[in-house]
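Overview (structure and organization)
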Amino acid sequence: MQIKDLPYPDPGVPDTRSGPRFLWWLARNQLGGQLKALAWGLLHFASVSALPFCVGVAVQAVIDRSGRHLALAGLLLLLACVGNALGDTFLHRTAVTNWITAAARVQQLLARKAAHLGSALTRRVAAGEVVAVSTADVEKIGWFVESVSRFGAAAVTVVLVCGALVIYQPALGVVVAVGLPVLALAVLPLLPHATRRADVQRAKAGRATELASDTVAGLRVLRGIGGEELFLDRYRRASQEVRHAAVRSARMWALIAAIQALLPGLLLISVVWYGVQLARQGRITVGELVTVYSSVMVLTYPLRQFEEIAMAYSFSRPSAQRAARVLSLERPANGGGSRATDLLSGDFSGDASGVRPEGVRQVPSGAAALVPSPDTAPVSPFDAAHVASPAAVASGGPYRVPSGDLYDPVTGLLAPEGRFTAVVCGDPDAAGRLAERLGGHAGDAAAPGETEVPRGTGVPRGTGVPEAEVSGAEAGEVAGEPGTSEAGKSGTVGAAGGEASEAARAKVLASRKGAAGENEAGESEAAGARPGSGGGAAAGTSVLLGGVPLDALPIDSARAAVLVQDKDPVLLSGTLRELLDVPASGAVSPAEALAAAQCADVLAALVEGSLDAADPMDARITERGRSLSGGQRQRLALARSLITDPEVLVLDEPTSAVDSHTEARIAVGLRGLREGRTTVVFTSSPLLLDHAERVVLVHEGEVAALGTHRTLVHDEPRYRAVVTRETDDEALSGVADETTLRGVLEEIEETA
């Protein structure tokens, strides 16, 4: 693999059982590059080691006054210099290639794992650690992979030179052959201590990186509450701990380096002293002494590779351990998913015996209106081009992506195919978790309402109407007819309070339920049938799209079918054209998406802020869109999601930072552009809710009511509390005023 061929078509499946196993797996997968580096390294080190022999021959030739031997020494010296130059050049080239390709392989593996885990990654591993693994750790891992070939070449060279010295001059060669292994192994007792100190330094550096990343991510909040100094002090202490750990680690490596410098010097002194004695006795010539002396000096160069490989391994082992830990993370297997061959072939209706696929929950007949159809739509060109399973590709046929109603067995939420559904949830965190579940991330986050809460006894009324009316044990709410609503902004549930007695409060709330009691007899027959109520699906059960568990699909297919935009979408730096260059069906143009998201002022701001861009599409967006306001970032992210034109689009509070007038226009544009496509919007804004075809209230982890915005505002106090921030005291006051007004009107009529 050359650098120009990156990225890898397939980085492979790593061995993540431990850090050393991961490093060994990397080295094995780069065997070709390692062998090339080893060959060039042998040429380089052998050429360097041959220089003393050439010098010794030349010295002896001068003593013997032999011109022929002197010319031979010069020729050998020239060949050694050429071999040294070629070997060093191409060793560096291949070693750096091994470094870069190893780092690229690890980065590809990390990127693939991040895409596979999605938002679950930062919940299971700190964001700072992910950054550290993908930057500093990748560099250290690449360093070790690059050092392996150098060390191998150096070790082979040392063995060959020792053998050659024993043959060339046995008396001195034996001394060198015994002394060099001692030099190489002398620092081994110190390596465990150095490794432990390097581990401590790496752990403290990772903690400091995590703290810095978290601080930067929450800087606005910290400024709002005046917590900058507190976090600055924490980071200062963490930084000092890293410095102290680095100094302790450096001291140990300095000791190892000192030993590596001292022992070769002692060996050299011993060889010279012994060689001089042998020369005086006439047992060796001066040229042989010079050759052995020079060889010992030159061998200190390859011996440095022993120190380098020790350092590289000590620093890369904890880095590889961290990388292996991230790469070993998996999306938890849910009960709702089986990657059976019938799913790959597009047959989602079960096998010939009629057995339901694993994880597809049997729903009672009383809740049939909430159960999505298992039928699938024909394969579109977009599906065939962008969504294909390995099995389908191998067989030469396209992979059929399911379509149909989106259904969550845990909460009982149903989003009918081709409809605009709004979901209201009083808990923003629960809404975010539910949005992730709808995107097929059932194992990534806890489902809303996982904690056991008292379940209602109400069940859906009717069996054939998509907008089945759902009543809860406390509310008994009813779905009504579509209407209109006033414009306003979303809010949270206000705290209930007041001086009214519980009896009066209950009476007022009961008067708001209206005709709920009229249907209790019909509901009792289907009691317990509503999905998500008592005895419902487990929290890990997968969401169904057209009757197919999303986690039964390949992850790329599931994410192509259902796109989730969370509360805080990320805008990558680059031009607007690059930002909007995402996998898409082609049915929605950038201009249409930007118009629906009301981005006209955003485009003008981008052009104004770019000196060399007349076309807004060529204007540059800074990192994370920091030069834009929160509302502008939200609208660009919405436009990017609309361009993809997925089968199902799930938006979590897409207009929370947008003003009311713009939000009203976005609601119209969103519904118009997504006409005929399934759209689910989590919001509590009346402006968006009023344009939704159906509105679902999720309370305490299950569907509590559904209907239209106007109907729910009128009939459902829990919905009204979330959308209008109305408290129970305000409800009492409103009913009292209504009763008083009705009495005044009756008196006027009687008087007339």
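Residues numbered from 1 in each chain as written. Predicted model: local features only at pLDDT ≥ 70, side-chain atom pairs only at ≥ 80, totals over all residues. Heavy atoms only, no water.

Below, the discussion takes up unusual backbone geometry. Here the amide bond leading from Leu-6 into Pro-7 is cis, since omega sits at 0°, within 30 degrees of zero. For Pro-7, the location among the structural elements is in the segment before helix H1 (19-29). For Glu-653, which is not glycine, the phi torsion reads 45° and is therefore positive. With respect to the element layout, Glu-653 can be found in the loop between strand E11 (648-652) and helix H22 (660-673). On the basis of relative accessibility, which here comes to 19%, the residue Glu-653 falls in the buried class. A positive phi angle is found at Glu-700, which is not glycine, with a value near 55°. (Helix = DSSP H or I, 4+ residues; strand = E, 2+ residues; numbered from the N terminus. Buried < 20%, exposed > 50% of the residue type's maximum accessible area, 1.4 Å probe, protein only.)

Before going further, it helps to spend a moment on the pairing of strand E3 (residues 420-425). When you tally the buried positions in E3, you get 6 out of 6 residues, the bulk of the element. Neither face of E3 is open: one carries Phe-420, Ala-422 and Val-424, the other Thr-421, Val-423 and Cys-425, and all of them are buried. Of the strand pairs in this sheet, E3 and strand E12 (residues 678-682) are connected by 4 bridges, and their pairing is parallel. Residue pairing for E12: Thr-421 is matched across the bridge by Val-680. Two elements, E3 and strand E13 (residues 694-699), share 5 bridges in a ladder whose sense is parallel. Its bridge partner being in E13, Thr-421 is matched across the sheet by Arg-694. (Pairing = 2+ DSSP bridges.)

Tracing the backbone shows Gly-173 in helix H6 (residues 170-185). C-alpha separation for the pair Gly-173 and Cys-162, spaced 11 residues apart in sequence, amounts to 6.7 Å. Excluding residues that lie within four positions of it along the chain, Gly-173 makes contacts with Leu-165 and Val-166. (Contact = heavy atoms within 4.5 Å.)

Two pairing modes exist for strands in a sheet, parallel and antiparallel, and in both the strands are linked by backbone hydrogen bonds. The strand order across the open sheet formed by 4 strands is E2-E1-E6-E7, and the pairing between neighbours is antiparallel. Edge positions in the sheet fall to strand E2 (413-415) and strand E7 (548-549), since each has one partner strand and no second. Of the strand pairs in this sheet, strand E1 (residues 406-408) and E2 are connected by 3 bridges, and their pairing is antiparallel. Pairing of Leu-406 across the sheet is with Ala-415, part of E2.

The end-to-end C-alpha separation of H6 is 23 Å, in line with the 22 Å expected for 16 residues at 1.5 Å each. What H6 keeps buried is the set Leu-172, Gly-173, Val-176, Gly-179, Leu-180, Leu-183 and Ala-184. With its buried residues spanning 140° around the axis, H6 presents them on a single face. Turned more than 90 degrees away from the buried face of H6, the exposed residues are Val-178 and Leu-185. (Expected span 1.5 Å × (residues − 1). Arc of directions from axis to C-beta.)

Turning our attention to the pattern of salt bridges. By the definition in use, this model includes 16 salt bridges. With a shortest N-O distance of 2.8 Å, Lys-567 and Asp-652 are connected by a salt bridge. You can see Lys-567 sitting in the loop between strand E8 (562-565) and strand E9 (574-575) and its partner Asp-652 sitting in strand E11, a full 85 residues away along the chain. What makes Lys-567 partly exposed here is its relative accessible area of 27%. Since its relative accessible area comes to 3%, Asp-652 is described here as buried. (Salt bridge = Lys/Arg side-chain N within 4 Å of Asp/Glu carboxyl O.)

On to the sheet that holds E13, then. One open sheet accounts for 6 strands, arranged E8-E11-E12-E3-E13-E14; its pairing is mixed. If you trace the sheet from one side to the other, it starts and ends with E8 and strand E14 (702-707), each paired once. Looking at each pair of strands side by side, their axes are set apart by 20° on average, direction ignored. Pairing of E11 with E12, which is carried by 5 bridges, proceeds in the parallel orientation. Counterpart to Val-648 in the pairing with E12 is Thr-678. Sheet strands in contact with helix H21 (residues 630-644) are E8 and E11, and its direction is about 180° off that of E8. (Axes fitted to C-alpha atoms, helices over the stretch in contact; angles between N-to-C directions.)

Under the criterion given, the structure shown has 8 aromatic pairs. The interplanar angle of 35° and the centroid separation of 6.3 Å between the aromatic rings of Trp-143 and Phe-315 together place this pair among those described as tilted. A residue pair is termed long-range when its members are at least 10 positions apart, and Trp-143 in helix H5 (residues 127-168) and Phe-315 in helix H10 (residues 286-327) qualify at 172 residues. Through pairs of rings, three or more aromatic residues link up here, namely Trp-143, Trp-253 and Phe-315. A cation sits over an aromatic face here: Arg-234 above Phe-231, 5.0 Å from the ring centre. (Phe/Tyr/Trp six-rings, centres within 6.5 Å; stacked < 30°, edge-to-face > 60°. Lys NZ or Arg CZ within 6 Å of the ring centre and 35° of its normal.)

What follows concerns the nonpolar core. If you look at the biggest cluster of nonpolar residues, it comprises 45 residues, and the most contacted ones within it are Val-424, Leu-576, Leu-594, Leu-636, Val-695 and Tyr-719. Among the elements that take part in this core, H21 stands out by supplying 6 residues, more than any other. Apart from the residues within four sequence positions on either side, Val-695 is in contact with Ala-422, Val-424, Leu-689, Ala-705, Leu-706, Gly-707, Thr-708, His-709, Leu-712 and Tyr-719. Formed by 36 residues, the second largest nonpolar core is a distinct cluster that contains Leu-23, Trp-25, Trp-253 and Ile-256. (Core = buried A, V, L, I, M, F, W, Y, C linked by side-chain atoms within 4.5 Å.)

This brings us to a nonpolar patch on the surface. The grouping of Leu-43, Leu-75, Leu-78, Leu-79, Val-82, Leu-86 and Phe-90 at the surface amounts to a nonpolar patch, some 590 Å² of accessible area in total. For the nonpolar patch, the element with the most residues is helix H3 (residues 67-117), which contributes 6 residues. Within the secondary structure, Leu-78 sits in helix H3. Taking relative accessible area as the criterion, Leu-78 reaches 51% and is therefore assigned exposed. (Patch = residues over 30% accessible without salt bridge, like charges linked within 9 Å, V, L, I, M, F, W, Y side chains within 5 Å. Areas by Shrake-Rupley, 256 points an atom, 1.4 Å probe, with all protein chains shown as cover.)

So, about the packing of helix H2 (residues 31-64) against H10. It is the contact of H2 with H10, at a shortest axis distance of 8 Å, that shows an interaxial angle of 165°. With respect to H10, the axis of H2 lies roughly antiparallel. H10 is crossed by H2, and the crossing has right-handed handedness. In contact with His-44, Phe-45, Val-48, Ser-49, Pro-52, Phe-53, Val-55, Gly-56, Val-57, Val-59, Gln-60 and Ile-63 of H2, H10 contributes Val-286, Gly-287, Val-290, Thr-291, Ser-294, Ser-295, Val-298, Leu-299, Tyr-301, Pro-302 and Gln-305. Of the residues that constitute the contact of H2 with H10, the class distribution is 14 nonpolar, 9 polar and no charged. (Parallel < 35°, antiparallel > 145°, perpendicular 65-115°, else oblique. Left-handed = near helix turned anticlockwise from the far one by under 90°. Nonpolar A, V, L, I, M, F, W, Y, C, P; charged D, E, K, R; others polar.)

A separate point is the state of the cysteines. Scanning all chains against the criterion turns up 0 disulfides. Left without a disulfide partner, Cys-54 is nearest to the cysteine sulfur of Cys-81, which lies 8.0 Å away. By relative accessible area, which is 4% here, Cys-54 ends up buried. (Disulfide = S-S within 2.5 Å.)

The next point concerns the confidence of the model for the protein. Overall, the predicted model of the protein reaches an average pLDDT of 74, with 73% of residues at or above 70. Averaged over each element, pLDDT in the protein is lowest for strand E4 (residues 460-461) (32) and highest for E12 (95). Contacts from residues 334-398, a stretch scored under 50 in pLDDT, to residues over four places away or in other chains number 124 contacts. Under a pLDDT of 50 for its full length, residues 444-536 has, in the predicted model, 201 contacts with residues more than four places off or in other chains. (pLDDT = per-residue confidence, 0-100.)

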